[in-house]
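# Structural description and commentary
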Amino acid sequence: LMLGLFRKKWEFPHRGTTEADQIQAYLLEQYGLPSHPTNIEFDPVSKILAISTAHGIIKIFGGPSVEGSISISSGVSINFMAFLPGKGIVATVSNGRDFALVDLHVRHPQVNLCLPEDVTCMVPVPSGDHVLFGSPSGTLRVFDVKRKSLTIFAVKITEKDEPINCLAPHPETESLVLAGLSEGVTILYDMAKQRVVSRFEENQTETVTSLTWHSSGKHFVCGYSNGMVAVWMLKSSTCFKFFPFSQVSARDIGPIQRIFYSNFSSSSPKKLAMLFIVSGYRRDTEVNLGLLTVIPVDLSAQSG
């Protein structure tokens, strides 16, 4: 497998879809990927790329002081991986519940901790001071990075024993976190006050599979197990729904696997943000193919 890093110049048409000649791509680097990759993450602050594998290895691409391979859990798959932004530290979960913090300059785990139950999702808060874990029982746990220990905070945020499928901390108020559940339910939880602030329900037969905030914190986007996407306005609790793959039959669309924003500079005259949507796709066979949709979002008229 090969990894290519590209520089792209985006131009957006006023109507219709983006054509191939409207995207100019320039190959910067090309690398060989480690076998059986499980996660790929990029830290835009440190400009470091990390790829984890099913063999417990993290391959690092970046500056000469950090580039190389790090063994986390020999022979055991790394389930989740995330950068603590700007800290040169990677958080991982392997073997279902084994948590590790890896300082890329020291090149071996600084924290090894077995969590009380399996992890269904993991995400650091924007400051990188805490790491949040979801669980199959609906319990939200918090790891304090500075103290290098689990906090006493471990609260069940669901009404019944249902898993937390995905988490998304608010980009500005770190005590607020979105949790995606089954039956089309997303809740906004205040960890400081330990209460549910808002409940967002749509598409009640499907599971929430991915969440992302816009950097303004005024709206967020949900992906569902049937391939649908919903954009929720936080202030009004209203949403609009769409299927991002207009040329693919709805019955062939798999679950939304990941949604994330890449925001343009605030000085951009068009105030555009890019919404990336990754989904599975079944085409006349049982083989799952990957679909990537990139949607430019015009924020100039957004009122919140």
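Structure shown above.
Let's shift gears to the sheet that holds strand β18 (residues 195-201). Hydrogen bonding along the main chain pairs the strands of a sheet, whether they run parallel or antiparallel. Spatially, the 4 strands line up as an open sheet ordered β15-β16-β17-β18, and their pairing is antiparallel. Two strands bound the open sheet, and with one partner strand each, they are β15 (166-169) and β18. Pairwise comparison of adjacent strand axes, ignoring direction, gives a mean angle of 20 degrees for this sheet. Where β15 meets strand β16 (residues 176-180), 4 bridges bridge the pair, whose relative direction is antiparallel. When the sheet's bridge partners are listed, Ala168 is paired in β16 with Leu178.

For the rest of this paragraph, the subject is the packing of aromatic side chains. Applying the stated criterion to the full structure yields 6 aromatic pairs. With a centroid separation of 5.3 Å and 65 degrees between ring planes, the pair formed by Phe200 and Trp232 is classed as edge-to-face. On the criterion of sequence distance, the pair formed by Phe200 in strand β18 and Trp232 in strand β21 (residues 229-233) is long-range, its members being 32 residues apart. Neither residue differs from the other here; Phe200 and Trp232 are each classed as buried. Taken together through their ring pairs, the aromatic side chains of Phe200, Trp213, Phe220 and Trp232 make up a single cluster.

Before going further, it helps to spend a moment on unusual backbone geometry. Unusually for a residue other than glycine, Asn95 sits at a positive phi of about 55 degrees. Its place among the elements puts Asn95 in the loop between β8 (89-94) and β9 (98-103). The backbone of Gln194 sits at a positive phi, close to 50 degrees, despite the residue not being glycine.

Below, the discussion takes up the side chain of Ser210. Mapped onto the elements of the fold, Ser210 is located in strand β19 (residues 208-213). On the basis of relative accessible area, Ser210 is assigned to the buried category, the value being 6%. Looking at Ser210, its side chain comes within polar contact range of the main-chain nitrogen of Ile259, at 2.9 Å. Residues in contact with Ser210, not counting those within four places in the same chain, are Cys166, Val221, Cys222, Gly223, Ile256, Gln257, Arg258 and Ile259.

Summarising the element assignment, Ile89 is placed in strand β8. Here the alpha-carbon distance between Ile89 and Leu101, two residues 12 residues apart in the chain, equals 6.7 Å. Not counting the four nearest positions on each side in its chain, Ile89 is found in contact with Ala82, Phe83, Leu84, Leu101, Val102 and Asp103.

Tracing the sequence through the fold places His214 in the loop between β19 and β20 (219-224). Sequence separation between His214 and Met274 is 60 residues, and the spatial gap between their C-alpha atoms is 10.0 Å. A distance of 2.9 Å separates the side chain of His214 from the side chain of Ser216, its partner in a polar contact.

Rules used in this analysis
Residues numbered from 1 in each chain as written. Predicted model: local features only at pLDDT ≥ 70, side-chain atom pairs only at ≥ 80, totals over all residues. Heavy atoms only, no water. Pairing = 2+ DSSP bridges. Helix = DSSP H or I, 4+ residues; strand = E, 2+ residues; numbered from the N terminus. Axes fitted to C-alpha atoms, helices over the stretch in contact; angles between N-to-C directions. Phe/Tyr/Trp six-rings, centres within 6.5 Å; stacked < 30°, edge-to-face > 60°. Buried < 20%, exposed > 50% of the residue type's maximum accessible area, 1.4 Å probe, protein only. Polar contact = N/O pair within 3.5 Å; in protein donor to acceptor, adjacent residues only side chain to side chain. Contact = heavy atoms within 4.5 Å.

This is a description of form; function is not addressed.
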